[in-house]
Amino acid sequence: MKKLIFLLFAFSALHLAAQDMPSEPDTTRLWQVVTVDGNQYYGKILSRDGEAIRLKTETVGVITIPVRNVKTIKAVEGRLVAAGDLWADNPQSTRYFWSPNGYGLKPGEGYYQNIWIFFNQVSVGLTENASIGFGMVPLFLFAGTPSPVWITPKVSIPVVENKFNIGAGALVGTVLGDSGSGFFGIAYGTGTIGSRDKNLTLGLGYGFADGEWARRPAVSISGMLRTGKKGYLLTENYILDFGTTSGALISVGGRTVWDKVSLDYGGIIPAGDVGTVIIIPWLGISISFGK
């Protein structure tokens, strides 16, 4: 079974302008310049003065735009691709369907994630290397049913910028409304090879409940591949060993992103000693906020 699983992951206005422009030319940031006739240009500012802006674009080379022709200019997050189309940064680059990778949220950046209405989590970047999340399944809405809650601290360290990141963290939870419930969760470590748009992650985690730790770790293998301006392919998979039996959870699907919203969809296939093959549908939505 493990050979099958590993094969599955081998896929590898001048006023406005003056407000947004830097006091000195910034040759590292990407800028959008919109002219009074409606044309849009993306590029890096080589020089500027009171008469003109010299912009280095990837599509038409270096151009000079008279300041009197500039309607707006602003810095943009993203990267330029063919035909002058701007692809925004991946708004959900720190996780797959649910599991985290080695990348982290930026300071002040965050998102709210909802899966099938019941699962809710908010995650926020605290520093360049640390973030935290808070989650709940609000079963208390149904006649005071006990409700699971959890926190998810995480540390991310770039070993080779945009090529290899490692991360570590935990999910620590309990059940509100159940006096006999202790703490449960998982402590994990991850290593991610690749960029925020195309990567492969190997994870290792140990579960715990009521002070007892699992004897064997759960292994996760997940991947992400950008297929276009708004689309991604996702796979998230787990190899589980319970001592007397073993199994796996295989998931494949996609993600569609917009400016602040992303939609995840796919299917989960339990593998191993489960008899009939079934596909469990997955549907989740995330809303980004902050910087």
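Before reading on, note that the structure itself is shown above.
Just so it is clear, the structure is predicted and the values come from calculations on it, not from any experiment.

Asker: Looking at this structure, how should I read the overall build of the protein chain?
Answerer: From N to C terminus, the protein chain includes two helices and 21 strands. Each of the 291 residues in the protein chain was classed as buried or not, and the buried ones make up 40%. Accessible area of the protein chain: about 15900 Å², with a carbon and sulfur share of 63%.

Asker: How should the side chain of serine 262 be read in this particular structure?
Answerer: Mapping serine 262 onto the fold places it in strand β20 (residues 261-272). Serine 262 has contacts with Gln92, Arg255, Thr256, Val257, Gly284, Ile285 and Ser286, leaving out every residue within four places of it along the chain.

Asker: Which parts of the structure should I look at to understand the packing of aromatic side chains?
Answerer: The description of an aromatic ring pair uses the distance of the two centres, along with the angle that the planes make with each other. This structure, assessed with the given rule, holds four aromatic pairs. Arranged with centres 6.0 Å apart and planes meeting at 45°, the rings of phenylalanine 118 and phenylalanine 142 form a pair that is tilted. With phenylalanine 118 in the loop between β8 (109-115) and β9 (119-125) and phenylalanine 142 in the loop between β10 (130-136) and β11 (147-151), the pair connects residues that are 24 residues apart, well separated along the chain. Accessibility expressed as a relative area gives 41% for phenylalanine 118, which makes it partly exposed.

Asker: Mind showing me how you'd approach the layout of surface pockets here?
Answerer: Here the idea is plain: a probe the size of a water molecule rolls over the atoms and shows the empty space left. Roughly 1100 Å³ of internal volume is contained in the second largest pocket. Around the second largest pocket, the lining is made up of 49 residues, and of these Trp98, Ser99, Pro100, Ile186 and Tyr238 lie nearest the centre. Top element by residues in the lining of the second largest pocket is strand β15 (residues 198-209). It accounts for six residues. Taken together, the residues that form the lining of the second largest pocket break down as 25 nonpolar, 18 polar and six charged.

Asker: Looking at this model, I keep getting lost on the sheet that holds strand β3 (residues 52-57). Mind explaining?
Answerer: Think of a sheet as strands paired side by side through backbone hydrogen bonds, with each pair either parallel or antiparallel. Here we have five strands laid out as an open sheet, ordered β4-β3-β2-β1-β5, and antiparallel in their pairing. Either end of the sheet is taken by a strand with one partner, and the two such strands are β4 (62-66) and β5 (70-76). The sheet shows a mean angle of 45° between the axes of neighbouring strands, taken without regard to direction.

Asker: Looking at this model, I keep getting lost on the nonpolar core. Mind explaining?
Answerer: Most often, soluble globular proteins keep nonpolar side chains buried together rather than apart. Counting 13 residues, the largest nonpolar core has Trp150, Met224, Leu234 and Trp282 as the members making the most contacts within it. Apart from residues no more than four positions distant in its own chain, leucine 234 is found in contact with Tyr96, Phe97, Gly223, Met224, Ser251, Val252, Gly253, Gly254, Arg255 and Asp264. Of all hydrophobic cores here, the second largest spans 10 residues; its members include Ile45, Ile63, Val67 and Val70.

Asker: It is not clear to me how the environment of valine 70 should be interpreted in this structure. Could you clarify?
Answerer: The topology assignment puts valine 70 in strand β5. With 18 residues separating them in the primary sequence, valine 70 and alanine 52 have C-alpha atoms 9.2 Å apart.

Asker: I would appreciate a short explanation of the pattern of salt bridges in the present structure.
Answerer: Proximity of charged atoms lets side chains of opposite charge pair with each other. Inspection of every chain in the model, using the stated rule, returns four salt bridges. The shortest N-O distance in the salt bridge between arginine 226 and aspartate 197 comes to 3.2 Å. Pair noted here: arginine 226 is in strand β17 (residues 218-226) and aspartate 197 is in the loop between β14 (184-194) and β15, with a separation of 29 residues, a long-range link. A relative accessible area of 11% places arginine 226 in the buried class. As a salt-bridge pair, aspartate 264 and arginine 255 come within 2.7 Å of each other at their nearest N and O atoms. Residues aspartate 264 and arginine 255 agree in their burial class; the two are buried. Through salt bridges with shared partners, a single ionic network connects Arg95, Arg255 and Asp264.

Asker: Sorry if this is basic, but what is going on with the environment of leucine 202 here?
Answerer: Along the polypeptide, leucine 202 turns up in strand β15. Not counting chain neighbours up to four residues away, the residues in contact with leucine 202 comprise Gly189, Thr190, Gly191, Val219, Ser220 and Ile221.

Asker: Looking at this structure, I do not really get the pairing of strand β21 (residues 280-290). What am I missing?
Answerer: Remark: a regular strand shows side chains that alternate across the two faces of the sheet. Bridging between β8 and β21 involves seven bridges; their strand directions are antiparallel. From the neighbouring strand, isoleucine 115 faces β21, where its bridge partner is glycine 284. Strand direction decides the pairing type here: β20 and β21, joined by eight bridges, are antiparallel. Opposite glycine 267, over in β21, you have proline 281 as the bridge partner.

What counts as what
- Residues numbered from 1 in each chain as written.
- Predicted model: local features only at pLDDT ≥ 70, side-chain atom pairs only at ≥ 80, totals over all residues.
- Heavy atoms only, no water.
- Helix = DSSP H or I, 4+ residues; strand = E, 2+ residues; numbered from the N terminus.
- Buried < 20%, exposed > 50% of the residue type's maximum accessible area, 1.4 Å probe, protein only.
- Areas by Shrake-Rupley, 256 points an atom, 1.4 Å probe, with all protein chains shown as cover.
- Contact = heavy atoms within 4.5 Å.
- Phe/Tyr/Trp six-rings, centres within 6.5 Å; stacked < 30°, edge-to-face > 60°.
- 1 Å grid on protein atoms, 1.4 Å probe; cavity = no way out; pocket = protein on both sides within 12 Å on 5 of 7 lines; lining within 4 Å.
- Points joined across faces, edges and corners; volume = space filled by probe spheres on them.
- Nonpolar A, V, L, I, M, F, W, Y, C, P; charged D, E, K, R; others polar.
- Pairing = 2+ DSSP bridges.
- Axes fitted to C-alpha atoms, helices over the stretch in contact; angles between N-to-C directions.
- Core = buried A, V, L, I, M, F, W, Y, C linked by side-chain atoms within 4.5 Å.
- Salt bridge = Lys/Arg side-chain N within 4 Å of Asp/Glu carboxyl O.

None of this, on its own, says anything about what the molecule does.
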